[in-house]
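# Architecture and fold: a report
Now for the letters of each chain:
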Amino acid sequence: MGRKRKSVEERKREVFYTISQIIAEKGLSEVSTIEVAKRLGVSQPAIYKYFKNKDEMIIYFLENLRQELEKITEKAEYGESARQKLKIIITEHLKLIDETKSLPKIVFSDVLYVDEEKRDKLKEIVTSYWNKVKEIIEFGIENGEIKDIDPEFAVRLIMGVILSSSLKWFVNGMKTSILDETDFILDNIFKILLKEKK
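Fair warning: this is a prediction, and the values are worked out from it, not measured in the lab.

## Section: the nonpolar core
Ranked by internal contacts, the top residues of the largest apolar core, which has 53 residues, are Leu86, Ile158 and Leu193. Per-element tally for this core: the top contributor is helix H4 (residues 54-76), with nine residues. With residues near it in sequence (within four places) discarded, Leu86 still touches Val133, Ile136, Ile137, Ile146, Ile158, Phe190 and Leu193.

## Here we look at the side chain of Thr33
With respect to the helices, strands and loops of the structure, Thr33 is situated in helix H2 (residues 33-40). Overall, the relative accessible area of 6% leaves Thr33 in the buried class. At 2.7 Å, the side chain of Thr33 forms a polar contact with the side chain of Gln44. At a separation of 3.5 Å, a polar atom in the side chain of Thr33 contacts the side chain of Tyr48. When neighbours within four sequence positions are excluded, Thr33 is seen to be in contact with Gln44, Ile47, Tyr48, Asn53, Lys54 and Met57.

## Side note on the side chain of Ser20
Looking at the element boundaries, Ser20 is found in helix H1 (residues 8-26). Sequence-distant contacts of Ser20, defined by excluding residues within four places in its chain, comprise Phe61, Thr100 and Ser102.

## Focus: unusual backbone geometry
The phi angle at Met174 is positive, at roughly 50 degrees, despite the residue not being glycine. We classify Met174 as partly exposed; its relative accessible area is 25%.

## Thoughts on the environment of Asp98
Secondary-structure assignment places Asp98 in helix H5 (residues 82-100). For Asp98, a relative accessible area of 17% puts it in the buried group. Note: C-alpha distance between Asp98 and Arg119 (21 residues apart in sequence) is 24 Å.

## Here we look at a negative patch on the surface
On the surface, Glu70, Glu74, Glu77, Glu135, Glu138 and Glu142 cluster together into a negatively charged patch. Contributing elements (two or more residues each) for the negative patch: H4 and helix H8 (116-142). The dominant element in the negative patch, judged by the number of residues it contributes, is H8, at three residues. Inspection of the secondary structure assignment puts Glu74 in helix H4. Taking relative accessible area as the criterion, Glu74 reaches 44% and is therefore assigned partly exposed.

## So, the environment of Phe139
Following the sequence through the fold, Phe139 ends up in helix H8. Exposure remark for Phe139: the relative accessible area of 31% places this residue in the partly exposed category. Other than its neighbours up to four places away in sequence, Phe139 contacts Glu80, Ser81, Ala82 and Lys85.

## Brief notes about H2
Since one α-helical turn is 3.6 residues long, residues separated by three or four positions face the same way. Among the residues making up H2, those that are buried are Thr33, Glu35, Val36, Ala37 and Leu40. Buried residues along H2 sit in contact with H1, helix H3 (44-48) and H4.

## What about the packing of aromatic side chains?
Considering all chains together, one arrives at four aromatic pairs under this definition. For the pair Phe51 and Tyr60, a centre-to-centre distance of 5.1 Å together with 55 degrees between the ring planes defines the contact as tilted. This pair shows no difference in class: Phe51 is buried, exactly as Tyr60 is. Connected via pairs of aromatic rings, a cluster forms that spans Phe16, Tyr17 and Phe61. Residue placement shows Lys85 over the ring face of Phe139; its charged tip is 5.3 Å from the ring centre.

The rules behind these values
- Residues numbered from 1 in each chain as written.
- Predicted model: local features only at pLDDT ≥ 70, side-chain atom pairs only at ≥ 80, totals over all residues.
- Heavy atoms only, no water.
- Core = buried A, V, L, I, M, F, W, Y, C linked by side-chain atoms within 4.5 Å.
- Buried < 20%, exposed > 50% of the residue type's maximum accessible area, 1.4 Å probe, protein only.
- Helix = DSSP H or I, 4+ residues; strand = E, 2+ residues; numbered from the N terminus.
- Contact = heavy atoms within 4.5 Å.
- Polar contact = N/O pair within 3.5 Å; in protein donor to acceptor, adjacent residues only side chain to side chain.
- Patch = residues over 30% accessible without salt bridge, like charges linked within 9 Å, V, L, I, M, F, W, Y side chains within 5 Å.
- Areas by Shrake-Rupley, 256 points an atom, 1.4 Å probe, with all protein chains shown as cover.
- Salt bridge = Lys/Arg side-chain N within 4 Å of Asp/Glu carboxyl O.
- Lys, Arg positive; Asp, Glu negative; His and termini not counted.
- Charge placed at Lys NZ, Arg CZ, Asp CG, Glu CD.
- Phe/Tyr/Trp six-rings, centres within 6.5 Å; stacked < 30°, edge-to-face > 60°.
- Lys NZ or Arg CZ within 6 Å of the ring centre and 35° of its normal.

Any functional reading would require information that these geometric values do not contain.
Structure representation (structure tokens):
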């Protein structure tokens, strides 16, 4: 009896993680239908069933990235306090970086910035995610949990810490899990943002 054929969604999900691996190892400029096919153990024409070319694959990757970030913000909605919501955002964001090993490289990739369509797609994704985190900060300020801080600055602080931690992790060869940084990041961000309990 032969192997069960993978669904279009299963195959596309594999492509998402394969592109992540290529970006993590070689950068976004090295993503190609040939490289993806080779890593998946299929022919290049098999990839063309799902994507016409490299650009379509990268747009698909970015769209998937948007969905992953939306899942994080949706999960955060279940937190009852700003602290719980931020803990979910930061923890899940680090998990996504650990799984894909490519997020910081994507943000700094020149491939995205020379192509207006891709740059606009990334801007849309980042802006949407940024605004959701900002809403959590505003919620925390309103309920007296977070210090009276500029919400925009607070988001920059959170994203900057995540990005710099990722960068440090990358330059150290990703020998450990970035998730090892979770408690350090949470403790210090909470010290800066949260009001002390009386």
